[in-house]
Amino acid sequence: MKISMACFGALMVIASMARSTCCGVVAKSNRGIDAIMLSKNVDVQAVRKAIKHAWEGYNTHAVGYDDLAPISLTGQSWLHARATLFDSLDTLYLAGLREEFDAAVEEVLQNLPAVVSTGPLWPAKVFEYHLRVVGGLCGAYALSGNLDLLDAARDAADQVLRAFVSDGLKLPRPNAHMVSSGQPLRHALATIIDHLWPLFDDKQECNSLAGVGSFALEFRFLSRETGDQKYHRAAVDISDAIAAAWSMDKNKDAATALPPLWLQVGGKQCPRTEKSTVSAALGSGGDSFYEYLLKLQLLDPLRTATEREMYDHLVDGLRQQPFLKYYRRSDGRRIAFIVNNAGRQEHLVCFVPGLLALGSISFPKSHGGDLELAEELMEGCIAMYE
């Protein structure tokens, strides 16, 4: 199915909005995409048709799996948590596909608690599970107001909390078995396995920056909506630990200093911290942490001074070498690329233009000038595919 570049851009807007719906970062609205896209001279029906096409493809060929392999038309699983089902909830709602949204919600609610469990045989990457399952459920609840979705999100979040180390820094291990307490025997077995796992695998003692720092948005939202402060406390523990690791960096006074790529989460020495002295790039291993720095301030502006300080430092550092490389197009326009330690730009850093644009709108006094850089970086991302 072919769609125009304008429609493709619109799809990217919807995807970005969907990721922001969790937790009220994007205000609740029943307008769908129509008013937004009409103002951009985009064929609304073409965008909606593209989203529906993708959803029907998954729903026809890959039900019960994480993703659809589009060429072979087969399902594939890597998270063992029906990732696309949860990822799609708020996108379907925003696109005005209410019949599809209602059917997807019914599929989730009728299959609780198994649908939010990976089972004792399948470990999940914890932060990926959190982003998709907990985040998807929170986003769907934030848009629809369906309290059953909030209860399901809370059940999934409790499984995530079980992956957090109970002492020391109280940070999440990279992998764990996600099994609801509503399945007591499986839950007990999964708990035993996860407790013993670090004794035989020292990689469970460390986690990436994104693997540690991509929980606080949903956790703070859940505490706000449920009144249970255990999620908020976990979020604060994460922010404090990353801020401490950042400040201890030997280059902490340098404008370009970033947090370490790997953080120790268990009682033993993380085997990767000794091998990696580089900071976390804005691409793989760090991306969602930086995205959350801004959105947390929008969700909870009175209790995110630490996140504000880290975000300001990040944006100030972005303007320095070695992060940015500038080029002139043949038409004279300047475009920018964010490069990693190997001097290359990763596809994943293309969230940064949207981050800077949102920051410039949210904090015009301190970050109003970031919009120009956002435009240059977006042009760089487009140029990657030309």
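Refer to the structure above for everything that follows.
## Brief notes about the overall build of the chain
Along the chain, the regular secondary structure elements total 16 helices and 8 strands. Classification of the 386 residues of the chain by burial places 50% in the buried group. The long-range fraction of contacts in the chain, counting pairs at least 24 apart against all pairs at least 6 apart in sequence, stands at 67%.

## Notes on the pairing of strand β7 (residues 324-328)
In this structure, β7 lies alongside strand β8 (residues 334-338), joined through 5 bridges in antiparallel fashion. The residue bridging R328 from the neighbouring strand is R334, located in β8. Once β7 ends, the chain turns through 5 residues before running back antiparallel as β8, passing G332 with a positive phi of about 95 degrees.

## A short note on the nonpolar core
Most often, soluble globular proteins keep nonpolar side chains buried together rather than apart. One finds Y129, L137 and F219 to be the most contacted residues of the largest nonpolar core, which totals 94 residues. Among the elements that take part in this core, helix α6 (residues 126-144) stands out by supplying 12 residues, more than any other. Apart from the residues within four sequence positions on either side, L137 is in contact with F86, L89, V108, V116, L149, A152, A153 and A156.

## A short note on the state of the cysteines
Working definition: the covalent bond between the sulfur atoms of two cysteines is a disulfide. By the definition in use, this model includes 1 disulfide. The side chain of C350 participates in a disulfide bridge whose partner is C381; the two sulfur atoms lie 2.2 Å from each other. Taking the sign of the S-S torsion, -110 degrees for the link of C350 and C381, the bridge is left-handed. Separated by 31 residues along the polypeptide, C350 in the loop between β8 and α14 (352-362) and C381 in helix α16 (residues 370-383) bring together distant segments of the chain. A relative accessible area of 5% places C381 in the buried class.

## Focus on the packing of helix α12 (residues 287-299) against α14
At a minimum axis separation of 10 Å, α12 and α14 run at an interaxial angle of 25 degrees. Judged on the interaxial angle alone, α14 and α12 are roughly parallel. The crossing of α12 and α14 is left-handed. Across the interface between the two elements, Y290, E291, L294 and L298 of α12 pack against L355, L358, G359 and S362 of α14. Looking at the contact of α12 with α14 residue by residue, the class counts come to 5 nonpolar, 2 polar and 1 charged.

## Examining unusual backbone geometry
The amide bond that connects L112 to the next residue, P113, takes the cis arrangement and shows omega of 0 degrees. Along the chain, P113 turns up in the loop between α5 (98-110) and β3 (124-125). Phi angles above zero are rare outside glycine, and H80 is one such case at about 60 degrees. For R82, which is not glycine, the phi dihedral falls at a positive 50 degrees. Locating R82 in the fold gives a position in the loop between β2 (74-76) and α4 (83-94). Judged by relative accessible area, which is 15%, R82 ranks as buried.

## Digging into the environment of L314
For L314, the position within the fold is in helix α13 (residues 305-318). The buried category is assigned to L314, whose relative accessible area is 3%. Residues L314 and L258 lie 56 residues apart in sequence; the distance between their C-alpha atoms is 7.3 Å. For L314, the contacting residues outside a window of four places in its chain are L258, L282 and Y290.

## A look at α5
If you check α5, its first and last C-alpha atoms are 18 Å apart, about what 13 residues at 1.5 Å a residue would give, namely 18 Å. Among the residues of α5, those classed as buried are E100, F101, A104, V105 and V108. All buried residues of α5 lie within an arc of 135 degrees about the axis, which places them on one face of the element. Seen from the buried face of α5, the exposed residues on the opposite side, beyond 90 degrees, are E99 and Q110. Looking at the buried side of α5, the elements it contacts are α3 (44-61), α4, α6 and α7 (147-161).

## Some remarks on the pattern of salt bridges
Under the definition given, this model contains 17 salt bridges. With a closest N to O distance of 2.9 Å, R154 and D228 form a salt bridge. In this pair, R154 sits in helix α7 while D228 sits in the loop between α10 (216-226) and α11 (230-247), placing the two residues 74 residues apart along the sequence. With a closest N to O distance of 3.6 Å, R173 and E205 form a salt bridge. Separated by 32 residues along the polypeptide, R173 in the loop between α7 and β4 (175-176) and E205 in the loop between α8 (184-200) and β5 (206-208) bring together distant segments of the chain. Residue E205 is classed as buried on the basis of its relative accessible area of 3%.

## Observations regarding the side chain of H367
Following the sequence through the fold, H367 ends up in helix α15 (residues 364-367). We classify H367 as buried; its relative accessible area is 4%. There is a polar contact of 2.7 Å between the side chain of H367 and the side chain of D370. H367 has contacts with R308, Y311, D312, V315, G359 and S360, leaving out every residue within four places of it along the chain.

## Brief notes about the side chain of H130
The residue H130 is located in helix α6 in this model. For H130, a relative accessible area of 0% translates into the label buried.

Here is what the cut-offs are and how they apply
Residues numbered from 1 in each chain as written. Predicted model: local features only at pLDDT ≥ 70, side-chain atom pairs only at ≥ 80, totals over all residues. Heavy atoms only, no water. Helix = DSSP H or I, 4+ residues; strand = E, 2+ residues; numbered from the N terminus. Buried < 20%, exposed > 50% of the residue type's maximum accessible area, 1.4 Å probe, protein only. Contact = heavy atoms within 4.5 Å. Pairing = 2+ DSSP bridges. Core = buried A, V, L, I, M, F, W, Y, C linked by side-chain atoms within 4.5 Å. Disulfide = S-S within 2.5 Å. Axes fitted to C-alpha atoms, helices over the stretch in contact; angles between N-to-C directions. Parallel < 35°, antiparallel > 145°, perpendicular 65-115°, else oblique. Left-handed = near helix turned anticlockwise from the far one by under 90°. Nonpolar A, V, L, I, M, F, W, Y, C, P; charged D, E, K, R; others polar. Expected span 1.5 Å × (residues − 1). Arc of directions from axis to C-beta. Salt bridge = Lys/Arg side-chain N within 4 Å of Asp/Glu carboxyl O. Polar contact = N/O pair within 3.5 Å; in protein donor to acceptor, adjacent residues only side chain to side chain.

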